[in-house]
Amino acid sequence: MTHHRDIDTGPPDEYVEAEIQRLLVEDPAVAEQGITVIRRERALVLYGEVESPHRREEILRLVSERFPDVPVTSDIGVIRAQAPTEIEQLP
Amino acid sequence: MVIRIAAVGDVHLDEDVVGRFRPALEELPECADVLLLAGDLTRHGTEAEARCVATEFGGLAVPVVTVLGNHDHQCDQVPQVVKVLEDAGITVLEGNGVVLDCAGGRLGIAGVKGFGGGFAGRCASDFGEPEMKAFVRTTTDSADRLGAALRSLDCDMLVALTHYSPVPDTLAGEPLEIYPFLGSYQLGQAIDSAPTALAVHGHAHAGTERGTTPGGVRVRNVAHPVIKQAYSVFHVGDQLDTDQVSPIGQSGSQRSWS
Ligand SMILES: [Fe+2]
Ligand SMILES: [Fe+2]
């Protein structure tokens, strides 16, 4: 695994971003391709949509476990699954 | 003549999701003649996850027709996954089609998973290393089978069902850099080789809903994170030009995509 610079020396590496993105896809506990990792000053923000609250928790658990020194905030939503209220007419 | 089509893709089921879609699915007979699933039914393509799909989407009052997605291939258990789905009464398409008798006429659905490759002018070519050729040939082969399936169906209305996108329009919102992993223009070409009324796909979770093939066929990205509801419903064919919906055998082979 990549060795990380101390967070105090600057914003997290671009490689951390790449590694987190691949971790979220390739780790069997998550397997999410739809999560975006954005670098903000001194923190990474995860956003996207998942199918259950459990999956959101798994993502955060996995990332903080593998990158304990990287501050991460999350804005991941759970996709609504209600019946549609409108239909689309395609003449 | 109107055929009512409900569709969703990328539901990525596992035990933690079972039951979430069911209340909305129970309402389907009131608003749709068929439910199309645009692939990525599971997270990893295991038999156990397929059973979750069977529980959630089996035994509905409308026919359910699906293609698989890339996630459904992850654990190399495709035959087992297909069997679990078919045992639950779900029709799984891959390079073939099905014709359903609906109140509004005979609905023909042709499906393939599809593959990446990119879009006209910015796509991979069948050239160079064997790995590159294998990649492009996978796409070409998939598109060829979709086109042949579409042209083979004798029906009043024709729908194409894929996981990967046939057009770039419905990818808007995804990073441009990954378009070649999200779809391929050859799928659009196949759709335009037949008098297709509607093309439905998933896979692009951050894309947008609406697009059109170069030949003028409407395309809808129904990935669950895009539509943000249990399924979308399309009423197709209200004032369709009768030429456009005549039997495929007569008009399909004559219409060129160019
Ligand atoms: Fe997906
Ligand atoms: Fe996918």
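Analysis parameters
- Residues numbered from 1 in each chain as written.
- Chains lettered and ligands numbered in written order.
- Predicted model: local features only at pLDDT ≥ 70, side-chain atom pairs only at ≥ 80, totals over all residues.
- Heavy atoms only, no water.
- Helix = DSSP H or I, 4+ residues; strand = E, 2+ residues; numbered from the N terminus.
- Buried < 20%, exposed > 50% of the residue type's maximum accessible area, 1.4 Å probe, protein only.
- UniProt positions renumbered as here; feature names shortened; annotations may be inferred.
- Pairing = 2+ DSSP bridges.
- Right-handed = clockwise from strand over helix to strand, strands pointing away.
- Salt bridge = Lys/Arg side-chain N within 4 Å of Asp/Glu carboxyl O.

*Asks:* How should I be thinking about unusual backbone geometry in this particular structure?
*Replies:* Backbone geometry follows two general trends: most residues other than glycine have a negative phi, and most peptide bonds adopt the trans configuration. All names here are of chain B. Not every positive phi belongs to a glycine, and His203 is a case in point at roughly 75°. Its location among the elements puts His203 in the loop between strand E10 (198-201) and strand E11 (210-212). A positive phi angle, near 50°, is found at Lys228, a position not held by glycine. We classify Lys228 as partly exposed; its relative accessible area is 31%.

*Asks:* Before we go on, may I ask you to explain the UniProt feature "domain: Calcineurin-like phosphoesterase" (unreviewed entry) in chain B in this structure?
*Replies:* Sequence positions flagged by UniProt for "domain: Calcineurin-like phosphoesterase" (unreviewed entry) are, in local numbering, residues 3-79 of chain B. Split by type, residues 3-79 of chain B is 29% helix and 19% strand. Its first and last C-alpha atoms lie 31 Å apart.

*Asks:* Help me out: how do you make sense of the pairing of strand E2 (residues 43-50) of chain A in this one?
*Replies:* Sheet faces and side chains relate simply in a regular strand, where the side chains alternate between the two faces. All names here are of chain A. Most of E2 is tucked away: six of the eight residues are buried. Looking at chain direction, strand E1 (residues 36-40) and E2 are connected through five bridges and run antiparallel. Each bridged residue has a counterpart across the sheet, and for Val37 the counterpart in E2 is Leu46. Taken together, E1 and the strand that follows it, E2, pair antiparallel across an intervening segment of two residues, in which Arg42 is found at a positive phi of about 65°. Note that the unit made of E2, helix H2 (residues 53-66) and strand E3 (residues 72-78) has a crossover that is right-handed.

*Asks:* Help me out: how do you make sense of the pattern of salt bridges in this one?
*Replies:* When their charged atoms lie close together, side chains carrying opposite charge are able to pair. Scanning the entire structure with this criterion turns up 20 salt bridges over all chains. For the salt bridge of Asp14(B) with Arg43(B), the shortest nitrogen-to-oxygen distance reads 3.5 Å. Remark: Arg43(B) occurs in the loop between strand E2 (34-38) and helix H3 (47-57) and Asp14(B) occurs in the loop between strand E1 (3-8) and helix H1 (22-26); sequence separation between them is 29 residues. Arg43(B) matches Asp14(B) in its accessibility class, with the two residues each being buried. Salt-bridge contacts for Glu47(B) lead to Arg51(B); the nearest nitrogen and oxygen are separated by 3.7 Å. Here the residue Glu47(B) and the residue Arg51(B) both occupy positions in helix H3, the gap between them amounting to four residues, near one helical turn. Sharing partners across several salt bridges, the network here consists of Glu14(A), Glu17(A) and Arg39(A).

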